[in-house]
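Residue-level structure breakdown
Chain residues, written in single-letter form:
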Amino acid sequence: MRAVAQDRFGGTDRLHLTDRPDPEPGKGEVLVRVAAAGLDRGTVHVMTGRPLLARLGLGLRRPRFPVPGRDLCGTVVALGPGVTGVEVGHRVVGTADGSCAELAVVPVPRLAAAPRTLTDEEAAALPVSGLTALQALRAAGVGPGQRVLVVGASGGVGTYAVQLAVAAGARVTGVCSRAKAELVRGLGAARVVAHEEADVDAEGVRYDAVLDIGGHRSLRTLRAVLAPRGTLVVVGSEAPGRWLGGLERSVGAALLSPFVRQRLVMHVSRERAADLAELVGLVDAGAVRPVLDHVVPLDGVARALDHVAAGRARGKVVVRVDGRSDRTGSAAAAVSEGGGPGWPSASPRP
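What counts and how
Residues numbered from 1 in each chain as written. Predicted model: local features only at pLDDT ≥ 70, side-chain atom pairs only at ≥ 80, totals over all residues. Heavy atoms only, no water. Helix = DSSP H or I, 4+ residues; strand = E, 2+ residues; numbered from the N terminus. Buried < 20%, exposed > 50% of the residue type's maximum accessible area, 1.4 Å probe, protein only. Contact = heavy atoms within 4.5 Å. Areas by Shrake-Rupley, 256 points an atom, 1.4 Å probe, with all protein chains shown as cover. Axes fitted to C-alpha atoms, helices over the stretch in contact; angles between N-to-C directions. Parallel < 35°, antiparallel > 145°, perpendicular 65-115°, else oblique. Nonpolar A, V, L, I, M, F, W, Y, C, P; charged D, E, K, R; others polar. Expected span 1.5 Å × (residues − 1). Salt bridge = Lys/Arg side-chain N within 4 Å of Asp/Glu carboxyl O.

1. Some words on the overall build of the protein chain
Per the secondary structure count, the protein chain includes 10 helices and 15 strands. Here the protein chain holds 350 residues, and 54% of them are scored as buried. Within the protein chain, contacts between residues at least 6 apart in sequence are counted, and of these 69% link residues at least 24 apart. As presented, the protein chain carries roughly 15,100 Å² of accessible surface, and 52% of it is formed by carbon and sulfur atoms.

Structure follows, in structure tokens:
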């Protein structure tokens, strides 16, 4: 099979398109022919092996998972021993330990039937970021009438968080760059704060829930905009720390929480089939749609990851692995094929 792979941790210069042996599914796993794969900041961390603490799970000297990517949409082509409830030919979404390849092994607890209303590319943008947003909002207890602040509202997780919070009946304020403000408004945010113009505490508004997905604001700043009994969920942070890379803020929130009236949550996403199926149901019901920044071919992964690492992506970047798209998708999704300077051209949709 063709796959993108790396032999050592590092930047995108370590990635190369190569032929690798076809994988075989083990007990409780299925083999999926990948139609499309999603990329996000997590993919960048796996590629670079940073922060260094992450190498306890990623491999100390060499990548434990040489093929980048986790999100995928594709078709089941083989079943491992003991698999039930899934059949060859089923179109599925899920997460693999390396989805930028023509074939990938997926454990059954990490897959679900693909949304009927999405193209392969759109569906591939759903699992990791969608699950993170869904579970973070659940941890915050978001419900009707609440005020919710989403920091990092224009990224892969943030675009889902805004939509899911609006679908839950909340009034959402999104924080993003000025250039992405209209995108976030279009997702249903009642207000948008452009971080170049004002910080989250500029207007003195108190929120029932704050989802911190982007940036590296202090806990003091985030708590200042939180209601006295509100909940802060720290989803992630992009900081230059070599060893922890911003993780110390998430840990600090969890340690401080027992001593203050507000709830401060360190969020760790889990890839569960039941939650993924719930997310698929919300998509098919029209409550949520993926936002795609770019769709690139398999040989465009390196440039795509540079784009993601630079923080320029609006929503998700997706790799078209099989070179075609044969599904009818949501016309509402914002998709740009190729497009920017230095981007490889992707094949037009038939």
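2. Brief notes about the packing of helix α4 (residues 127-140) against helix α9 (residues 273-284)
It is the contact of α4 with α9, at a shortest axis distance of 10 Å, that shows an interaxial angle of 95 degrees. Classified by the angle between their axes, α4 and α9 sit roughly perpendicular to one another. Each of Pro 127, Gly 130, Leu 131, Leu 134, Gln 135 and Arg 138 in α4 lies in contact with α9, whose residues at this interface are Asp 275, Leu 276, Glu 278, Leu 279 and Leu 282. A class-by-class count of the residues in the contact of α4 with α9 yields six nonpolar, two polar and three charged.

3. Here we look at α4
Compared with an ideal rise of 1.5 Å per residue, which puts 14 residues at 20 Å, α4 spans 20 Å between its outermost C-alpha atoms and is within 8% of the ideal. Counting buried residues in α4 gives 12 out of 14 residues, a clear majority hidden from the surface. Along α4, the positions that sit buried rather than exposed are Pro 127, Val 128, Ser 129, Gly 130, Leu 131, Thr 132, Ala 133, Leu 134, Gln 135, Ala 136, Leu 137 and Ala 140. Of the residues trailing α4, Gly 141 is marked for its positive phi of about 65 degrees.

4. As for the side chain of Ser 250
Examined against the element boundaries, Ser 250 turns out to sit in helix α8 (residues 247-256). Among the residues examined, Ser 250 registers a relative accessible area of 6% and is labelled buried.

5. A short note on the pattern of salt bridges
Across all of its chains, the model carries 17 salt bridges by this definition. Here Arg 70 ties to Glu 271 by a salt bridge, and the two come within 2.8 Å at their closest N and O atoms. Here the residue Arg 70 occupies a position in the loop between α2 (55-58) and β4 (71-79), and Glu 271 occupies one in the loop between β13 (263-266) and α9, the gap between them amounting to 201 residues. For Arg 70, a relative accessible area of 27% corresponds to the partly exposed category. Note on Glu 271: relative accessible area 24%, which makes it partly exposed. Here Glu 278 makes a salt bridge to Arg 138, at a shortest N to O gap of 3.1 Å.

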